[in-house]
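So the chains spell out like this:
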Amino acid sequence: MMISMVMKIICSELNQSDFSGHIHNDGWFPIDEIDLVDGPAGLINACLAGSDKALVTGEMTCAVRILCDRCCEPVKLDLTAEFNYECIFGSEVVDEVRHETECREEDLNRIYVKEPVIDIGDLLREQLLLNIPPRILSGKSCQGLCQICGVDLKTVRFDCEQRQVDSQFAILRRLEDR
């Protein structure tokens, strides 16, 4: 089974045999918005499951560097993903799905493609993005930045002058004091 440098599996080649291969990054990984520290690495398997679909399973590990949500310091995250996709081919199916308004549970791991070509890079990119946690902190005790002067609160201890900020909601503070 041949895979091009852009990591695409041509499903007509799956007719002869199933595909099993190792994932490693030679600079092909299609992601610009995340600082990739290491990987991706892993294993991927693909096989036909009828004339109009293929099954793609695998596992991937990688390390990324993302900024902390509180203090904006870089944090290295080790991510692991196991995936299982059902790829359905045919332009009629793709056009039909495009008009649907509700995503059913069985559609969560289903990919509809016009051509019988599976872009592994897109699948791995999706898995990487899905496995990034919603909140990234540099540590459990990260206090973030001072709201007044912007100093990182974990590196400097100080008493910043609490200034009263004029806002249209300042009147609500007076109600709170009652």
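Residues numbered from 1 in each chain as written. Predicted model: local features only at pLDDT ≥ 70, side-chain atom pairs only at ≥ 80, totals over all residues. Heavy atoms only, no water.

1. As for the overall build of the chain
- What the chain contains, in helices and strands, is three helices and seven strands.
- N-terminal to C-terminal, the α/β element order of the chain is β-β-β-β-β-α-β-β-α-α.
- Relative to its full complement of 178 residues, the chain shows a buried share of 30%.
- Counted over contacts in the chain with a minimum sequence separation of 6, partners at least 24 positions apart contribute 57%. (Helix = DSSP H or I, 4+ residues; strand = E, 2+ residues; numbered from the N terminus. Buried < 20%, exposed > 50% of the residue type's maximum accessible area, 1.4 Å probe, protein only. Contact = heavy atoms within 4.5 Å.)

2. A closer look at the confidence of the model for the chain
- The predicted model of the chain has a mean per-residue pLDDT of 79, with 78% of residues at 70 or higher.
- Ignoring residues within four places in sequence, the model shows residues 1-6, a span with pLDDT below 50, making 13 contacts including any to other chains. (pLDDT = per-residue confidence, 0-100.)

3. Some thoughts on the environment of Cys-62
- Looking at where Cys-62 falls in the secondary structure, it is placed in strand 4 (residues 53-67).
- Residues Cys-62 and Gly-39, spaced 23 residues apart in sequence, show a C-alpha to C-alpha distance of 4.4 Å.
- When neighbours within four sequence positions are excluded, Cys-62 is seen to be in contact with Leu-36, Asp-38, Gly-39, Pro-40, Leu-77, Asp-78, Leu-79 and Leu-128.

4. Brief notes about unusual backbone geometry
- Cis rather than trans, the peptide bond between Gly-39 and Pro-40 has omega equal to 5 degrees.
- Checked against the element boundaries, Pro-40 lands in strand 3 (residues 35-48).

5. A look at the sheet that holds strand 2 (residues 19-24)
- Strand order in the open sheet formed by five strands is 2-3-4-5-6, with mixed pairing between adjacent strands. Lying at the two open borders of the sheet, with one neighbouring strand each, are strand 2 and strand 6 (110-113). Adjacent strand axes in the sheet meet at a mean angle of 20 degrees when their direction is disregarded.
- Of the pairings in the sheet, the one linking strand 2 to strand 3 comprises six bridges and is antiparallel in character. Following the sheet pairing, Gly-21 is matched in strand 3 by Ile-44.
- Against the sheet, helix 2 (residues 120-130) contacts strand 2, strand 3, strand 4, strand 5 (74-89) and strand 6, and its axis sits at roughly 130 degrees relative to strand 5. (Pairing = 2+ DSSP bridges. Axes fitted to C-alpha atoms, helices over the stretch in contact; angles between N-to-C directions.)

6. Observations regarding the pattern of salt bridges
- Evaluated as defined, the whole model comprises four salt bridges.
- Where Lys-53 meets Glu-86, a salt bridge forms, and the shortest distance between an N and an O atom there is 2.9 Å. You can see Lys-53 sitting in strand 4 and its partner Glu-86 sitting in strand 5, a full 33 residues away along the chain.
- Its relative accessible area of 26% is what places Lys-53 among the partly exposed residues.
- Given the relative accessible area of 17%, Glu-86 is considered buried.
- Notably, a salt bridge pairs Lys-76 with Asp-78, separated by 3.9 Å at the nearest N-O pair.
- Connected through salt bridges with shared partners, the residues Lys-53, Glu-86 and Arg-110 form a single ionic network. (Salt bridge = Lys/Arg side-chain N within 4 Å of Asp/Glu carboxyl O.)

7. Some points on the side chain of Glu-86
- Within the structure, the side chain of Glu-86 is placed 2.9 Å from the side chain of Lys-53, a separation counted as a polar contact.
- Discounting chain neighbours no more than four positions away, the residues touching Glu-86 are Lys-53, Ala-54, Leu-55, Asn-109, Arg-110 and Ile-111. (Polar contact = N/O pair within 3.5 Å; in protein donor to acceptor, adjacent residues only side chain to side chain.)

8. Describing a nonpolar patch on the surface
- A cluster of nonpolar side chains, Phe-169, Ile-171, Leu-172 and Leu-175, forms an exposed patch at the surface whose accessible area comes to about 410 Å².
- Mapped onto the secondary structure, Leu-172 falls in helix 3 (residues 170-177).
- On the basis of relative accessible area, Leu-172 is assigned to the partly exposed category, the value being 48%. (Patch = residues over 30% accessible without salt bridge, like charges linked within 9 Å, V, L, I, M, F, W, Y side chains within 5 Å. Areas by Shrake-Rupley, 256 points an atom, 1.4 Å probe, with all protein chains shown as cover.)

9. As for helix 2
- Those residues of helix 2 lying buried are Ile-120, Gly-121, Leu-123, Leu-124, Gln-127 and Leu-128. Within helix 2, the buried residues cover an arc of 160 degrees as seen down the axis, which keeps them to one side.
- N-capping of helix 2 is provided by Asp-119, with a side-chain oxygen placed 3.0 Å from the backbone N of Gly-121. (Arc of directions from axis to C-beta.)

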